[in-house]
Amino acid sequence: KIKEFESKINYIIYDIRMKDSRQKFLQETEKEKEGYTKSVKSLLLDCEKDNILKKGVHGVLANLISTPKEYETAIEMCLGASLQNIITETEEDAKKLIEHLRKGNLGRASFLPIASVKGKKLDNIKQKGIDGIVGIASDLVKYKSKYEQIILNLLGKTVIVEDMESAIALAKQNNYSFRIVTLKGDLINPSGAITGGSVVQKTVNILGRGREIEDLQKEIKKLADVVKGEISLDEFISQLTDEELGYLLLGQPDTGVANTGGMGNLKKYGIPNPMTVDGPAGVRIKPATGIRTTAFPVATMLACTWNTDLLEEIGAAGAVECKENNLSMWLTPALNIHRSPLCGRNFEYYSEDPFVAGKMAAAMVRGIQSQNIVATPKHFACNNKETNRKESDSIVSERALREIYLKGFEICVKESEPKLIMTAYNLMNGKRTSENAELITGILRKEWGYKGLVTTDWWNNASHAKEIMAGNDIRMPSTAQTDLMEKIKNGEMPRNHMAICVKRLLKLIMWLE
């Protein structure tokens, strides 16, 4: 019974999430608390009767101190389970008490021998010049002088403050080595971890390794504030933690009728979760949803028209269907080269001629983006076969690459300014396209002047961290394997690289209606 109650007491002290729950639980366990106290008293009486400890046991700590009502919550948080410690005169007395407990099969006891305690107290903390400091916890409770070392040991390095604002101001001072507790029972340890009473927070850190605690003090800036021109995009991104940046660089779950995932989705900062949808022969929504969309002619057929105006119309019509179904990014056009008639997805591609492919794709992009829907030229680059698609290596000369396999993409980028480009599964000259900085940052961005976002193809076999370093901004979908968070945890992922990718993502999201 004692063990069961102790576990509940720990729950009260360390795992409180809502004030109402705390009060309700305290009421429900009041009788158990009385029973526990009686059990301890009975135990001590047994010791006296058996002449085991004589005057070696002083009692339970909770009964040896007196706390003013206004400080009860804070002191309870400070002492935690120590409130139930049994105080003994010497360590020898404590050992005898433990032995007695074991013989009686009453479980484990905590003890605090007076002789083994050496407590110290902080200097006058009010000299810190911060408003709201109530005082050092050991000064706010009453006790007999013989317990001074115990009280100093437990409370001498704990400061009580009025509210969380004062706690944060005090905690942010450099090199603090004490605990801070508010009158409501919020406790901040020197490590930066916060637990308790009125604040619902996961682990935070005040010393620079995390920024969540600042949320308690200042208003979080939202993406809408950037749109309104109240803050810059760089200022907005600066408030995100490294982990939040990493979170934004992985795809997000489906909503509505989508089946290929979304991007963004950080509600805390007002970042929405716009959805992608596959193509390219029409907006592809699963029939199970009951929604039907237009099956437009495949890309090879459209290229046979030589009619770029027609392709712009088709692009705009498909974009309207996206918008009707709350879909924001259409994963089309596909403009890989018809290198071999055996390629299983040639029907998605326009031509064996890069000029025709580039012109047709550019027209499709202009039509789609005229409706504020994102177009996604793909698969960049040299994805010209389906056999072993994720591991095949396209060995290609510089001239063939420039004149054939990249030329269509170059035309499309320069003539239509797509907002999103998808890299390919395959390797190109021994390097995965999504990890290829020369291809993505060198050619696409620097040579062609591309300003938009770059995404992976879905579930590729590349390294997420290497993709970020190469300039491939986001990895899709949400269930894709990623090594990014591990790299962040180990300090192996430069923040500036992630911030650049997130900035491009947020620019795309803000462009949407």
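Scope of this entry: the structure provided in the associated data block.

Cut-off values and rules
Residues numbered from 1 in each chain as written. Predicted model: local features only at pLDDT ≥ 70, side-chain atom pairs only at ≥ 80, totals over all residues. Heavy atoms only, no water. Phe/Tyr/Trp six-rings, centres within 6.5 Å; stacked < 30°, edge-to-face > 60°. Helix = DSSP H or I, 4+ residues; strand = E, 2+ residues; numbered from the N terminus. Buried < 20%, exposed > 50% of the residue type's maximum accessible area, 1.4 Å probe, protein only. Patch = residues over 30% accessible without salt bridge, like charges linked within 9 Å, V, L, I, M, F, W, Y side chains within 5 Å. Areas by Shrake-Rupley, 256 points an atom, 1.4 Å probe, with all protein chains shown as cover. Salt bridge = Lys/Arg side-chain N within 4 Å of Asp/Glu carboxyl O. Lys, Arg positive; Asp, Glu negative; His and termini not counted. Charge placed at Lys NZ, Arg CZ, Asp CG, Glu CD. Contact = heavy atoms within 4.5 Å. Pairing = 2+ DSSP bridges. Core = buried A, V, L, I, M, F, W, Y, C linked by side-chain atoms within 4.5 Å. Axes fitted to C-alpha atoms, helices over the stretch in contact; angles between N-to-C directions. Parallel < 35°, antiparallel > 145°, perpendicular 65-115°, else oblique. Nonpolar A, V, L, I, M, F, W, Y, C, P; charged D, E, K, R; others polar. Expected span 1.5 Å × (residues − 1). Polar contact = N/O pair within 3.5 Å; in protein donor to acceptor, adjacent residues only side chain to side chain. Left-handed = near helix turned anticlockwise from the far one by under 90°.

1. Some words on the packing of aromatic side chains
Here comes step 1: Applying the stated criterion across every chain yields a total of 3 aromatic pairs.
Here comes step 2: On the basis of an interplanar angle of 85° and a centroid distance of 6.1 Å, the ring pair of F236 and Y269 is categorised as edge-to-face. Note that F236 is positioned in helix α10 (residues 233-238) and Y269 in the loop between α11 (242-248) and β9 (276-278), a separation of 33 residues in sequence. For the pair F236 and Y269, one class covers both residues: buried.

2. With respect to a negative patch on the surface
Here comes step 1: On the surface, D131, E162, D163 and E165 cluster together into a patch of negative charge.
Here comes step 2: By the secondary structure assignment, E165 is in helix α8 (residues 164-171).

3. Structural notes on the environment of L61
Here comes step 1: Within the secondary structure, L61 sits in helix α4 (residues 61-64).
Here comes step 2: Spatially, the C-alpha atom of L61 lies 5.7 Å from that of N85, the residues being 24 residues apart in sequence.
Here comes step 3: L61 has contacts with L79, S82, L83, N85, I87, I150, I151 and L154, leaving out every residue within four places of it along the chain.

4. Things to note about the sheet that holds strand β11 (residues 374-375)
Here comes step 1: The 3 strands lie next to each other as β9-β10-β11, forming an open sheet whose pairing is parallel. The two strands at the open ends of the sheet, each matched to only one other strand, are β9 and β11.

5. Remarks on the pattern of salt bridges
Here comes step 1: Inspection of every chain in the model, using the stated rule, returns 21 salt bridges.
Here comes step 2: Close ionic contact of D457 with R389 constitutes a salt bridge, the shortest N to O distance being 3.8 Å. Placement of the pair is D457 in the loop between β16 (453-455) and α18 (464-470) and R389 in the loop between β11 and β12 (393-394), with a sequence separation of 68 residues.
Here comes step 3: Judged by relative accessible area, which is 8%, D457 ranks as buried.

6. Description of unusual backbone geometry
Here comes step 1: At the junction of G279 and P280, the peptide bond is cis and its omega measures out at -5° in the coordinates.
Here comes step 2: Position of P280 relative to the elements: it lies in the loop between β9 and α12 (299-303).
Here comes step 3: In the segment running from K378 into H379, the intervening peptide bond is cis, with an omega of -5°.
Here comes step 4: Its place among the elements puts H379 in the loop between β11 and β12.
Here comes step 5: Phi is positive for W306, close to 55°, though the residue is something other than glycine.
Here comes step 6: Here W306 is to be found in the loop between α12 and α13 (308-324).
Here comes step 7: Overall, W306 belongs to the exposed group, its relative accessible area being 65%.
Here comes step 8: Unlike most non-glycine residues, C382 shows phi in positive territory, near 65°.

7. Thoughts on the sheet that holds strand β15 (residues 431-432)
Here comes step 1: Read from one edge to the other, the open sheet built from 3 strands follows the order β12-β14-β15, with strand pairing classed as mixed. Here the strands that pair on one side only, and so sit at the sheet edges, are β12 and β15.
Here comes step 2: Pairing geometry for β12 and strand β14 (residues 427-428), over 2 bridges, is parallel. Residue D393 lies in a different strand from β14, and its bridge partner there is L427.

8. Quick look at the nonpolar core
Here comes step 1: Among the nonpolar cores identified, the biggest contains 48 residues, and L327, Y350, F380, L406, L444 and W448 are the most heavily contacted of them.
Here comes step 2: Counting residues per element, the ones that place at least two in this core are α12, α13, α14 (354-369), α15 (398-405), α16 (407-416) and α17 (437-447).
Here comes step 3: With 8 residues, α14 is the largest single contributor of residues to this core.
Here comes step 4: If we ignore the near neighbours within four places in the chain, the residues touching F380 are L406, F409, I421, M422, T423, A424, T433, L439, L444 and W448.
Here comes step 5: Of all hydrophobic cores here, the second largest spans 39 residues; its members include L249, L266, I271 and C501.

9. So, α16
Here comes step 1: With 7 of 10 residues buried, α16 is to be regarded as a mostly interior element.
Here comes step 2: Check the buried side of α16 and you find it contacts α14, α15, β13 (420-422) and α17.
Here comes step 3: Among the residues trailing α16, E417 stands out with phi positive, at a value near 50°.

10. Section: the packing of α15 against α16
When two helices pack together, their arrangement is captured by the angle between the axes and the distance separating the axes.
Here comes step 1: It is the contact of α15 with α16, at a shortest axis distance of 5 Å, that shows an interaxial angle of 45°. By the criterion of interaxial angle, the relationship of α15 to α16 is oblique. For the pair formed by α15 and α16, the contact residues are L401, R402, E403, I404 and Y405 on the first element and K407, G408 and F409 on the second.
Here comes step 2: Across the contact of α15 with α16, the residue classes break down as 4 nonpolar, 1 polar and 3 charged.

11. Details of α13
Here comes step 1: End to end, α13 covers 25 Å across 17 residues, agreeing with the expected 24 Å (1.5 Å per residue, within 8%).
Here comes step 2: Where α13 is concerned, the buried positions are L311, I314, G315, A316, G318, A319, E321 and C322.
Here comes step 3: Those residues of α13 hidden inside the fold are in contact with β9, α12, β10 (329-331) and α14.
Here comes step 4: Where α13 begins, the capping side chain belongs to N307, and its oxygen is found 3.1 Å from the backbone nitrogen of D309.
Here comes step 5: Note on α13: the residue one or two positions beyond its end, N326, has a positive phi of about 55°.

12. Notes on the pairing of strand β5 (residues 158-161)
Here comes step 1: Alternating positions in β5 separate into two faces, T158 and I160 on one and V159 and V161 on the other, with burial throughout.
Here comes step 2: Summarising the sheet, strand β4 (residues 133-136) and β5 pair through 3 bridges and their orientation is antiparallel. Residue pairing across strands places I136 opposite V159, the latter belonging to β5.

13. Quick notes on the packing of α13 against α14
Here comes step 1: At their nearest, the axes of α13 and α14 sit 7 Å apart, and the two run at 40° to each other. What the angle tells us is that α13 and α14 run oblique. The hand of the α13/α14 crossing is right-handed. Counted together, T308, L311, E312, I314, G315, A316 and A319 of α13 and K359, M360, A363, M364, R366, G367 and I368 of α14 form the full contact between these two elements.
Here comes step 2: For the contact of α13 with α14, a count of residues per class yields 8 nonpolar, 3 polar and 3 charged.

14. Quick look at the side chain of E348
Here comes step 1: With respect to the secondary-structure elements, E348 resides in the loop between β10 and α14.
Here comes step 2: With relative accessibility at 8%, the residue E348 sits in the buried group.
Here comes step 3: At a separation of 2.9 Å, a polar atom in the side chain of E348 contacts the side chain of R345.

The quantities given are spatial measurements derived from coordinates; they are silent on function.
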